[in-house]
Amino acid sequence: MAASLVGLVILSLPAALAMPKYRSQAIQQFHYDEGNPLWELDRRVMACTYCHVNVGGGAPWNPFGEAIRAGFRADAEAGQQGKFPDVLYAVLKADGDADGDGYPDALEVFAHTLPGDAESKPATPLADLKAEFAAAGGVAQYAPKAATGR
């Protein structure tokens, strides 16, 4: 009986550790996975509070999460299919500052700070960060990867 229980726990471990698909997509789209071969198991790579108020996710959403939700609504109203990477990119291209801290959301993504939390902002001065961001490819570096045909 104990061996069966241990086996069940081991088999269920990958599902328990799995990140939601949208979070995995955002991590890769933002290149937060680079240099971290275990990024899929590292909850610190992108916490739920990136978009949510609560540490465990779910409602309510912080200002950046609300901007993404508004992006989905706008996408649906335009008759689009609302794919997460496309909506996320559109939100960043809009050059908004969801949390009102003076740093556009795309710059906060680049600086690895939280675009939905006004207390979390880059330490680098805005002008310097803009120059670094432009040199790295600007918002285009967060464009969704083209779908590959199979």
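Here, the structure is the one placed above.
Owing to the predicted nature of the structure, the values given are computational and were not obtained by experimental measurement.

One pass over the full model with this rule turns up two salt bridges. The closest approach of N and O atoms between Asp42 and Arg44, which form a salt bridge, is 3.0 Å. Exposure remark for Asp42: the relative accessible area of 16% places this residue in the buried category. Residue classification places Arg44 among the exposed positions, given a relative accessible area of 72%. Between Arg69 and Glu66 there is a salt bridge whose closest N-O contact spans 3.4 Å. Of this pair, Arg69 and Glu66 both sit in helix H3 (residues 63-77), three residues apart, which is roughly one turn of that helix. Its relative accessible area of 32% is what places Arg69 among the partly exposed residues. Here Glu66 falls in the partly exposed class, since its relative accessible area comes to 31%.

Reading guide: rules and limits
- Residues numbered from 1 in each chain as written.
- Predicted model: local features only at pLDDT ≥ 70, side-chain atom pairs only at ≥ 80, totals over all residues.
- Heavy atoms only, no water.
- Salt bridge = Lys/Arg side-chain N within 4 Å of Asp/Glu carboxyl O.
- Buried < 20%, exposed > 50% of the residue type's maximum accessible area, 1.4 Å probe, protein only.
- Helix = DSSP H or I, 4+ residues; strand = E, 2+ residues; numbered from the N terminus.

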